[in-house]
Each structure stands twice: as C-alpha cells, then as structure tokens.
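Now for the letters of each chain:
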Amino acid sequence: MEKLNYTRLKGFILEGLSSDPRFQIPLFVLFLILYIINLLANMLMIGTITVYIRLHSPMYYFLRNLSLVDISFTSSIVPKMLIDFLSQVKSISFAGCVAQLYSFISFGGVECILLAVMSLDRYVAVCKPLHYTVIMNERVCIILAAISWVAGLLNSLAHTVFTFRLPFCRSNRINHFFCDIPPLLELSCTDTYINEIVVYTSGGSVIIGSFLFTLLSYVFIISAILKIQTSEGRQKAFSTCVSHLSVVSLYFGTIVFTYIRPTSSYALEQDRVIPVLYGVVTPMLNPIIYSLRNKEVQGILRKAIKRLKGHNIGE
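## A short note on helix α3 (residues 58–75)
Okay, so step 1: Along its 18 residues, α3 runs 26 Å from first to last C-alpha, staying within 8% of the 26 Å computed at 1.5 Å per residue.
Okay, so step 2: Counting buried positions along α3 gives 14 out of 18 residues, so the element sits mostly inside the fold.

This is the structure in structure tokens:
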C-alpha cells in the first residue's frame, strides 16, 4: 500500500533511453537537432500551404493537418526527453504521466486516421479524376479532418482511463523514456487482461482499421493505374501517391509492431527504440518526403527562397 500511495502521489521515475552517462550529452544533441528539424520542416510546410493559394487543395489541406499533428506528436515526448538527458533523476509526476500518455496516444491515433483519409483522397484523385473537386469539396475535407481528430482523442481517452485505473504497486520505475502503455502495464500488480482487450479493440480499430482502409484504397489505386494505356500516364498517376505510400509504410510498420501483439512478447529494452522511429523520426521525415517528391512544393519553395534572397540583397 505504501508503494501504491507513493506512486500515485509522487509520480514515476523514467529509466530513459539509455542509462549510460557517456551517452546522455550526445543523445541530447542528437534529439535536439532532430526536434528542431521537425519543428522547422513542419512549420515551413504549414506556412507554405497557408500562404500560397495554388496549394489550397484537398491534398494539401490534409498535409497541413498532418504537419500540425507531427509537431504535436513529437512535442508530447521530446521536450521531456531532452530535460531528462541532462537530469540525474528522470522523474515525472503522476499527472504529467497521464498527460503525456494521453497526448502521445491522441496524436498517434489522429495520424493513423489522417493517413487513411489521405489515401481516400488519393483514391478519388486517381480513380475518379473528373469528379475529384466535386467529391472532395471543402465541406467534406473539414468533416474528414474533424473525424480524424475526434476519433483519435476519444481513442486515447479510453486507453488513458483504463491504464491509470490500475494500481501501480510493483514499482514506480518505468522501463522507458516516456509514459507508454506497455511499460505501465508491467508495473501493475493486478490482472491487465481488460487493458489488453482495450488495446486490441480500441487501439486495434484505429491502427489496423486505418491500415486496412489505406491498403484497400491502394489496391483500387494500383488497379486503376495499371489500366492507364501510356507509361507516362501511369508514372504520373503513381508519382502522386509515392510520398504518401512511403510515409504510410514507415509509420504503420513500426506502430503495429509496438502495440498489436501480446504483452508477453514485449522486450522493453529493445522496444524503447521503436517509438523513436514513429514518434520522432517519421514526423520529421514526413514534410521532407513530401517536399522531395512533390515538384509543385519544390517550385514554390524555390521561389520563396529567391524572393527572400532578393529581399536581403535589396536591404
């Protein structure tokens, strides 16, 4: 009972990404650089899409939402991680742990659903190009984006409530660098069967549901592309989907491996690294991938840089 009270009142101790003191400063520098790149790249994407009317289309509307989610997703864990790299005791309050878990699962869920919505947008663009502007009108885009956000927030609420209703009496040391579901379940001294059911049903519905919807969309997309007579037409149609397909493969691959499997198969020492991929690296790469693969965005960014250079020279 003393351990239980201590855990609830005082909070938790995070083991961190690495316990070796020699790696703390190098890791701090590395993740600080990654975080800065993430913020700059996604903010640049949001600003570019907002300012340039040419980019006011459904695809870029969803991409702007994705950049906002990526900033929030990474910000839910990286600032605390950076502080912990420079701290002797990596503590987090009980309320802070609740907030971190809720935020991380929320934005992760929103990203899953948003990627599925973006696959729908690509399906309409490739399979029904003549009706694209009618089907994917402004009202539909707003509704789809709102569904992504609301569903992600509600999914996270279910996970957070069921996770923190558990009594944590084994220890207050979380074998991770942030508050996540698997390591928190390890601390419970009661049966976590209900929590596993919630993970598989609620989390599985969001993750696997979004993944299967995306997969089905691309089955129709590829089928439509193969029916195009000219190789130039096929290449042009496929090029509009490559960026999204790259992001989907990287994101869903790592997140499915982390959450949709029995808790008995978790290897927490190894699984600490996996959230770095989908929680830090992928959000940083998303705007870069879209920029490198999208000639329209590249052209606008070049013009913006030239104008900025010309303005500086004029001064």
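## So, the layout of surface pockets
Okay, so step 1: In this model, the second largest pocket occupies a volume close to 240 Å³.
Okay, so step 2: Of the residues contributing to the lining of the second largest pocket, the split by class is 6 nonpolar, 5 polar and 3 charged.

## Quick word on the sheet that holds strand β1 (residues 12–14)
Okay, so step 1: The strand order across the open sheet built from 3 strands is β2-β1-β3, with neighbouring strands paired in mixed fashion. In the strand order of this sheet, the two ends are held by β2 (91–92) and β3 (173–174), each with one partner.
Okay, so step 2: Pairing of β1 with β2, which is carried by 2 bridges, proceeds in the antiparallel orientation. Within β2, the residue paired with I13 across the bridge is S91.

## So, the environment of F94
Okay, so step 1: Note that F94 resides in helix α5 (residues 94–127).
Okay, so step 2: A relative accessible area of 16% means that F94 is categorised as buried.
Okay, so step 3: Spatially, the C-alpha atoms of F94 and C179 are 9.9 Å apart, while their sequence positions differ by 85 residues.

## Some words on the packing of helix α2 (residues 24–51) against helix α4 (residues 78–85)
Okay, so step 1: Packing of α2 against α4 brings their axes to within 9 Å, and their N-to-C directions diverge by 155°. Our classification of the angle between α2 and α4 gives roughly antiparallel. α2 and α4 meet at a crossing whose hand is left-handed. On α4, the residues touching Q24, L27, F28, F31, L32 and Y35 of α2 are V78, P79, M81, L82, D84 and F85.
Okay, so step 2: The residue makeup of the contact of α2 with α4, split by class, is 10 nonpolar, 1 polar and 1 charged.

## Considering the state of the cysteines
Okay, so step 1: Tallying each qualifying case throughout the model produces 1 disulfide.
Okay, so step 2: The residue that forms a disulfide with C97 is C179, at a sulfur-sulfur distance of 2.0 Å. Note on the C97 and C179 pair: the S-S dihedral is about -125°, so by sign convention the disulfide is left-handed. Here C179 lies in the loop between β3 and α8 (181–187) and C97 lies in helix α5, a separation of 82 residues in the sequence. As far as burial versus exposure is concerned, C97 and C179 are alike and both buried.
Okay, so step 3: Not part of a disulfide, C127 finds its nearest cysteine sulfur in C241, a span of 8.6 Å.

## Remarks on the pattern of salt bridges
Okay, so step 1: Tallying each qualifying case throughout the model produces 4 salt bridges.
Okay, so step 2: In this structure, D20 and R22 form a salt bridge, with 2.6 Å as the shortest nitrogen-oxygen distance.
Okay, so step 3: Under the relative-accessibility criterion, D20 is labelled buried at 19%.
Okay, so step 4: A salt bridge links D121 to R122, with the nearest nitrogen and oxygen atoms 2.8 Å apart. A single burial state applies to D121 and to R122, both of which are buried.

## Section: the confidence of the model for the chain
Okay, so step 1: Averaged over every residue, the pLDDT of the chain is 83; the share at 70 or more is 86%.
Okay, so step 2: Confidence drops under pLDDT 50 across residues 1–7; counting only partners more than four residues distant or on other chains, this segment forms 13 contacts.

## Thoughts on the nonpolar core
Okay, so step 1: Residues F12, F31, F62 and L184 are the most contacted members of the largest nonpolar core, which totals 72 residues.
Okay, so step 2: When residues of this core are assigned to their parent elements, the largest contribution, 14 residues, is made by α5.
Okay, so step 3: Once residues lying within four places of it in the same chain are set aside, the contact partners of F62 are L114, V117, M118, D121, M136, C141, L144 and A145.
Okay, so step 4: Grouped together as the second largest cluster of nonpolar side chains are 6 residues, Y218, I221, I225 and A237 included.

## Focus: the environment of L66
Okay, so step 1: By the element assignment, L66 lies in helix α3.
Okay, so step 2: Overall, L66 belongs to the buried group, its relative accessible area being 0%.
Okay, so step 3: Sequence separation between L66 and N286 is 220 residues; the distance between their C-alpha atoms is 8.5 Å.
Okay, so step 4: With near-sequence residues (within four places) excluded, L66 lies in contact with E111, L114, L115, M118, N286 and Y290.

About the criteria used
Residues numbered from 1 in each chain as written. Predicted model: local features only at pLDDT ≥ 70, side-chain atom pairs only at ≥ 80, totals over all residues. Heavy atoms only, no water. Helix = DSSP H or I, 4+ residues; strand = E, 2+ residues; numbered from the N terminus. Expected span 1.5 Å × (residues − 1). Buried < 20%, exposed > 50% of the residue type's maximum accessible area, 1.4 Å probe, protein only. 1 Å grid on protein atoms, 1.4 Å probe; cavity = no way out; pocket = protein on both sides within 12 Å on 5 of 7 lines; lining within 4 Å. Points joined across faces, edges and corners; volume = space filled by probe spheres on them. Nonpolar A, V, L, I, M, F, W, Y, C, P; charged D, E, K, R; others polar. Pairing = 2+ DSSP bridges. Axes fitted to C-alpha atoms, helices over the stretch in contact; angles between N-to-C directions. Parallel < 35°, antiparallel > 145°, perpendicular 65-115°, else oblique. Left-handed = near helix turned anticlockwise from the far one by under 90°. Contact = heavy atoms within 4.5 Å. Disulfide = S-S within 2.5 Å. Salt bridge = Lys/Arg side-chain N within 4 Å of Asp/Glu carboxyl O. pLDDT = per-residue confidence, 0-100. Core = buried A, V, L, I, M, F, W, Y, C linked by side-chain atoms within 4.5 Å.

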